[in-house]
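So you can see what is in the structure, the chains are spelled out below.
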Amino acid sequence: MLERPHRGEPLPLELVNTRWMSRGLPVDFFEDDLGVGRWLTENGFTDPVPDAKAPLLEARDALRDALDRPGDVTEARLNAVLAHGSVRTEIHGGRPEHAVDADAGWLPAWMAVSRYAELLQTQSDRVRRCAHPECVLYFHDTSRNGTRRWHSMETCGARSKAQRHYRRVQSGEVTS
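Bear in mind that the values here come from a model prediction, so they are computed numbers and not experimental data. (Residues numbered from 1 in each chain as written. Predicted model: local features only at pLDDT ≥ 70, side-chain atom pairs only at ≥ 80, totals over all residues. Heavy atoms only, no water.)

Undergrad: Outline the side chain of D141, supporting the account with residue identities and numerical values.
TA: Topologically, D141 is positioned in the loop between β6 (138-140) and α6 (153-171). At 2.2 Å, the side chain of D141 forms a polar contact with the side chain of R128. (Helix = DSSP H or I, 4+ residues; strand = E, 2+ residues; numbered from the N terminus. Polar contact = N/O pair within 3.5 Å; in protein donor to acceptor, adjacent residues only side chain to side chain.)

Undergrad: Any details on the pairing of strand β2 (residues 25-28)? Residues and values, ideally.
TA: Pairing between strand β1 (residues 19-22) and β2: four bridges, direction antiparallel. Bridging across to β2, W20 finds its partner in V27. Hairpin geometry of β1 and β2 is characterised by an intervening segment of two residues between the two adjacent antiparallel strands and by a positive phi of about 55° at R23. (Pairing = 2+ DSSP bridges.)

Undergrad: Please set out the pattern of salt bridges residue by residue, giving values where relevant.
TA: In this structure the tally under the stated criterion is 14 salt bridges. For R7, the salt bridge goes to E42, with nearest N and O atoms at 3.7 Å. Taken as a pair, R7 in the segment before α1 (11-16) and E42 in helix α2 (residues 33-42) lie far apart in primary sequence, 35 residues in all. In this structure E42 comes out as partly exposed when scored by relative accessible area, which is 27%. (Salt bridge = Lys/Arg side-chain N within 4 Å of Asp/Glu carboxyl O. Buried < 20%, exposed > 50% of the residue type's maximum accessible area, 1.4 Å probe, protein only.)

Undergrad: Quick rundown of the packing of helix α4 (residues 72-82) against helix α5 (residues 107-123)? Include the residues and the values.
TA: Following both chains from N to C, one finds α4 and α5 inclined at 130°, their axes separated by 8 Å at the closest point. The pairing of α4 with α5 is recorded here as oblique in orientation. As α4 packs across α5, the resulting crossing turns out to be left-handed. Residues L78, V81 and L82 of α4 touch α5, and the partners they reach there are A109, W110, V113, S114 and Y116. Residues of the contact of α4 with α5, tallied by class, amount to seven nonpolar, one polar and no charged. (Axes fitted to C-alpha atoms, helices over the stretch in contact; angles between N-to-C directions. Parallel < 35°, antiparallel > 145°, perpendicular 65-115°, else oblique. Left-handed = near helix turned anticlockwise from the far one by under 90°. Contact = heavy atoms within 4.5 Å. Nonpolar A, V, L, I, M, F, W, Y, C, P; charged D, E, K, R; others polar.)

In structure tokens, the structure reads:
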């Protein structure tokens, strides 16, 4: 089974990051139903979600497009996913409680796009694509000063620094 290279992001980025590059080739964690089931479990959907793959793929593509090329067309795609559910508020014991009503199979996709809307509202400037030119992963920058550049310093950050050093050595800027 494939291991995803980056985890621990907010739900919409977890969904977008189910596609990545490995050794120059695209990898899709949702290539089979095992990957979909594993992603659902890893992200807290412990009850079976029938027919979740197609809605997740639709939401993932809409989210990636919104991150890569925001605009009216991508907003319409996100809104089409959001149309499959809603939040119902009730008061119990003097306290408001929120429940999600979503079409069967659409709950995980709806939740991911709904949480993306929350990120846009609260911290849109902190959602970033990894700065490594060959990486397609996104991350939520939680650093204090908001200047994080890579999804992971250990992988893409180290590769970027090594590539810069190699170019400097090749151009004669650095002597050994």
